[in-house]
Structures are given as structure tokens and as C-alpha cells.
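Fold and geometry: a report
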Amino acid sequence: MDVLKDKFTNWLQEKDRSKNTIAAYLSDLGKVPFEEITTEHVAAYTQAMQDDGLAISTINRRLLSIAQYVKFLAEEEGKALAVKIRPIKQQRQNFLDDVLTEKDLESLLRAADKHEDKRAAAIFATLAYTGMRVSEMLQLTVEDVGRDTITINGKGSKRREVFMANKLQKILREYLKDRKSEEQALFVGQRGPINRQTVDSIIKEYAGYTRLKKTKAHAHNFRHLFCKLALENGLDLSTVADLAGHTDLNTTRIYTRKTKKELLAAIESIGSGNNKKNGKGK
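Residues numbered from 1 in each chain as written. Predicted model: local features only at pLDDT ≥ 70, side-chain atom pairs only at ≥ 80, totals over all residues. Heavy atoms only, no water.

The helix and strand tally for the protein chain stands at 14 helices and four strands. Seen through its principal axes, the protein chain has C-alpha atoms that stretch 70 × 65 × 35 Å. Taking all 282 residues of the protein chain together, 37% fall into the buried category. Accessible surface for the protein chain amounts to roughly 17600 Å². Of this, 48% is attributable to carbon and sulfur atoms. Looking at charge distribution, the protein chain has the averaged site of its 49 positive side-chain charges lying 6 Å from that of its 38 negative ones. (Helix = DSSP H or I, 4+ residues; strand = E, 2+ residues; numbered from the N terminus. Buried < 20%, exposed > 50% of the residue type's maximum accessible area, 1.4 Å probe, protein only. Areas by Shrake-Rupley, 256 points an atom, 1.4 Å probe, with all protein chains shown as cover. Lys, Arg positive; Asp, Glu negative; His and termini not counted. Charge placed at Lys NZ, Arg CZ, Asp CG, Glu CD.)

For the rest of this paragraph, the subject is the packing of aromatic side chains. On inspection of all chains with the given rule, the structure shows 11 aromatic pairs. Ring centres of Phe124 and Phe222 lie 5.9 Å apart, and the angle between their planes is 5 degrees; this geometry places the pair in the stacked category. Taken together, the positions of Phe124 in helix H6 (residues 118-130) and Phe222 in helix H10 (residues 220-232) put the pair 98 residues apart, joining distant regions of the chain. There is no split in this pair, since Phe124 and Phe222 are both buried. Taken together, a centroid distance of 5.6 Å and an interplanar angle of 15 degrees make the contact between Tyr175 and Phe187 stacked. Here Tyr175 is found in helix H8 (residues 166-178), whereas its partner Phe187 is found in the loop between H8 and strand S3 (188-189), with 12 residues between them in sequence. Exposure remark for Tyr175: the relative accessible area of 4% places this residue in the buried category. Put simply, the rings of Phe8, Trp11, Tyr25, Tyr69 and Phe72 touch in pairs and so form one group of aromatic residues. Its end group placed over the ring of Tyr129, Lys167 keeps NZ or CZ at 4.3 Å from the ring centre. (Phe/Tyr/Trp six-rings, centres within 6.5 Å; stacked < 30°, edge-to-face > 60°. Lys NZ or Arg CZ within 6 Å of the ring centre and 35° of its normal.)

This paragraph deals with the confidence of the model for the protein chain. Confidence in the prediction for the protein chain averages 88 pLDDT; 93% of positions are at 70 or higher. Per-element averaging of pLDDT across the protein chain places helix H14 (residues 272-277) at the bottom with 54 and H6 at the top with 97. Below pLDDT 50 for its whole length, residues 275-282 participates in one contact with residues either more than four positions away or in separate chains. (pLDDT = per-residue confidence, 0-100. Contact = heavy atoms within 4.5 Å.)

What follows is about the nonpolar core. Across soluble globular proteins, nonpolar side chains show a tendency to be buried alongside one another. Within the largest apolar cluster, 41 residues are counted, with the highest numbers of intra-cluster contacts made by Ile123, Phe124, Leu127, Phe187 and Phe222. Every element with two or more residues in this core is listed here: helix H5 (102-114), H6, helix H7 (134-137), strand S1 (149-153), H8, helix H9 (196-210) and H10. A per-element tally of this core places H6 first, with eight residues. Not counting chain neighbours up to four residues away, the residues in contact with Ile123 comprise Met137, Phe187, Ile194, Val199 and Ile202. Among the nonpolar cores identified, the runner-up in size contains 22 residues, and Leu4, Phe8, Leu29 and Met49 belong to it. (Core = buried A, V, L, I, M, F, W, Y, C linked by side-chain atoms within 4.5 Å.)

A few words now on the pattern of salt bridges. In this structure the tally under the stated criterion is 11 salt bridges. Here Glu75 and Lys15 are joined by a salt bridge, their closest N and O atoms 3.7 Å apart. Remark: Lys15 occurs in the loop between helix H1 (2-14) and helix H2 (19-30) and Glu75 occurs in helix H4 (residues 56-76); sequence separation between them is 60 residues. With relative accessibility at 43%, the residue Glu75 sits in the partly exposed group. Under the relative-accessibility criterion, Lys15 is labelled partly exposed at 31%. Salt-bridge contacts for Asp144 lead to Arg147; the nearest nitrogen and oxygen are separated by 3.2 Å. Each of Lys118, Glu174, Lys177 and Asp178 takes part in a single network of salt bridges with overlapping partners. (Salt bridge = Lys/Arg side-chain N within 4 Å of Asp/Glu carboxyl O.)

Now the structure itself:
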């Protein structure tokens, strides 16, 4: 099996899959509770994941990983399996849910300040004020602090300019005062440059301090916040797409939707204006 996984990894690399995508596929395959891939096994596994309450997106990602592995077996090993893998259909959600808010960000920054954790504050601010992905943020170097814009390698090795706001620069300079390292990478720990897992751990740690919902406590939510606030502050869809490194405007268009809380507030207000016009409800 290890040999096949090595071959599978090479096959994915030849198809220009990113390191994160490959790691996700291998992780998903490691959770598969069966060795022989059949339609019945996959169907039972799908039902078991649903019974365990896994999110539909998680289930479908794991099924995609299995489907990719089946495709690899057919192309590279000559094992064409007669297996049907059906993703679960999900109704399109027309509102944003469990998104990070400005108040959430302020709470996280206050908690970092209370714990005198300038690195955590710098991480939260960088993600929220630039809209960078974690992999992009971890490219930052000490020399980038103080620059109005920097160039990064984005998804698919596409380079783009990222703006560094003054409020972010102030937080980064405070972090540099405490930072004790000769490393060029901006975000470091005791053993050198930190990785995605460390960032995730820091976010979850401070979510606990602020009682932030676990469903909100992930790095991509800071990117959601950046895009949503950029659109609400008057930037057009195309500009925000460029800033976030989106190749498809439909990806950016998601952030024009209201949150569940915003929709509920709007619905609660229905009729209020008419009552006031009629002289009622005073």
C-alpha cells in the first residue's frame, strides 16, 4: 500500500496538484475503513459519515479523494474498478454562515494583547487586513515589514500584489520588537519558521480565550472577513477578486451575500417603516 501511495503522490504531482491538495488526498485516504474499493463499500462509508454528522463538504471531499485514487489505479495500474462514487447533493446556501465578524477580530486582538502575544496579534491582523491565504502569509519575510505592497506567489503559482495597510504595519512593527530570531521568515517559533498547523493551533487557542465558535475558528475565515468588508466599503467585485487572488468572479460574489444574522435583522424590520408612517408603533 505504501508503494501505491508513493505512486499516487507522483501521479498527482505530474498533474500539477498543489502540496496541500496532495496532503489532503492522502489524509482522506488514510481514513477510509476498507481496503477493497467497491460501490457497496463506498455507499456504506458515505452513510457512516452522514451518521457521524460530518459536514457535506467534508464527506464530498473524502469521496473526491477516493475517486481520484480510483482514477489513478485505472490509468497507472491498469485496475479499472467498476465503482460508482456519488457526491451528496447540497442545496446552495444563499447566505453566509459562521463567518468571522469585525467584533470577533477585535476580541481576538484584545485577547492576544492581554496575553502579551504579539505574534498571535500579527498573525490575526495579517490574515484579516490582507486577505492572504495561510500559505501566502507564511511567505512573508522581515524585509516585507514597512512596505506598502508586496508580491507573493498565490494559488497556482500566480504572483500578485498585496497591500499592507498602516494599521497592519503598526502591529507588525510591535511584533518585530519582541521577535528573537535570525530567520528571514517573518513568522517564527522556537524551532524556526512556523507552518500551517501552528497557525491553526494559535487560532483555536485564542478562540478558546474569546469563546469564539469552533466553526468560526479557522484561518480561511479571516479571508472571508477581508473580502466581505472590502465589498461593503465600496470596492467593486473585480477589484476584490484581484486583491484576493480569485480567478473566478463567482468565488468573490459569495461575499456579497448577507449573513444569517443580517438577514434575520432585515426580516425583523419588515413592517417597521410602514408602522411609523402610519403613526403606529411609537
